Amino acid sequence: MTIPPIRPIRPIRPIRLIALDLDGTALDPAGELRPAGVDAVGRAQAAGVRVALCTGRRHRTPFPAIEALGLDGPAVCQNGVVIKDGPSGRTLKRRGLPK
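Residues numbered from 1 in each chain as written. Predicted model: local features only at pLDDT ≥ 70, side-chain atom pairs only at ≥ 80, totals over all residues. Heavy atoms only, no water.

Describing the sheet that holds strand β3 (residues 74-77)
Keep this limit in mind: Note on pairing: DSSP must find at least two bridges between two strands before they are called paired. Secondary structure follows DSSP: runs of H or I at least 4 residues long count as helices, runs of E at least 2 residues long count as strands, and numbering of each begins at the N terminus. Interaxial angle, 0 to 180 degrees, is taken between N-to-C directions of lines fitted to C-alpha atoms, where a helix line uses only the stretch in contact.
A sheet is described by the order of its strands in space; here five strands give the open sequence β1-β2-β3-β4-β5, paired in mixed fashion. For this open sheet the edge positions go to β1 (17-21) and β5 (91-94), each flanked by a neighbour on one side alone. Each strand of the sheet is rotated relative to its neighbour by a mean of 20°, with strand direction disregarded. Two elements, strand β2 (residues 50-54) and β3, share two bridges in a ladder whose sense is parallel. Counterpart to Cys54 in the pairing with β3 is Val76.

Shown next as structure tokens:
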């Protein structure tokens, strides 16, 4: 039995945002950026797609990766509790548990 080749799927709408997990996706187990990921992020940005980093980590930790990747999108930190502007580090939104 011959399996037909897989054809690329064309999205109905263009991709406008990629939300990328930091640990285990953008970073390898040693905590380093993966070269293939850096290349893919660069190609996505060159195509006009915004890239946001998401992490369960505290709000200061994604900034070295943001700088290394040249991201201009937001950083979603602390499992969504804090949203920071990637380039400036300014807090855009903070939503903690009610007291």
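A look at the side chain of Thr55
How we decide: Each residue's exposure class comes from its accessible area (1.4 Å probe, protein chains only) as a fraction of the maximum for that residue type: buried when under 20%, exposed when over 50%, partly exposed otherwise. What makes two residues a contact is simply this: any of their non-hydrogen atoms within 4.5 Å.
Structurally, the position occupied by Thr55 is in the loop between β2 and α2 (63-69). According to the relative accessible area criterion, Thr55 is buried, its value standing at 5%. For Thr55, the residues in contact, after removing those within four places along its chain, are Asp21, Leu22, Asp23, Pro62, Val76, Cys77, Gln78 and Asn79.

Structural notes on the pattern of salt bridges
Condition: Whenever Lys or Arg places a side-chain nitrogen within 4 Å of a carboxyl oxygen from Asp or Glu, that contact is recorded as a salt bridge.
Using the criterion set out here, one finds two salt bridges in the structure. Across the salt bridge formed by Asp23 and Arg57, the nearest N and O atoms sit 2.6 Å from each other. Residue Asp23 is located in the loop between β1 and α1 (35-46), and its partner Arg57 is located in the loop between β2 and α2; the two are separated by 34 residues in the primary sequence. When its relative accessible area of 35% is taken as the criterion, Asp23 is described as partly exposed. We classify Arg57 as partly exposed; its relative accessible area is 32%.

Some thoughts on the nonpolar core
As a reminder of what qualifies: Here the nonpolar core consists of buried residues drawn from Ala, Val, Leu, Ile, Met, Phe, Trp, Tyr and Cys, with membership extended through side-chain atoms lying within 4.5 Å.
One finds Leu20, Leu22, Val41, Val51, Leu53, Ile66 and Leu71 to be the most contacted residues of the largest nonpolar core, which totals 15 residues. For this core, the secondary-structure elements that each account for two or more residues are α1, β2, α2 and β3. For this core, the element with the highest residue contribution is α2, accounting for three residues. Leu53 has contacts with Leu20, Leu22, Pro62, Ala65, Ile66, Leu71, Pro74, Ala75 and Val76, leaving out every residue within four places of it along the chain.

Some details on unusual backbone geometry
Although it is not a glycine, Gln78 sits at a positive phi angle of roughly 50°. When you line up the elements, Gln78 lands in the loop between β3 and β4 (82-85). Phi angles above zero are rare outside glycine, and Asn79 is one such case at about 60°. With respect to the helices and strands, Asn79 occurs in the loop between β3 and β4.

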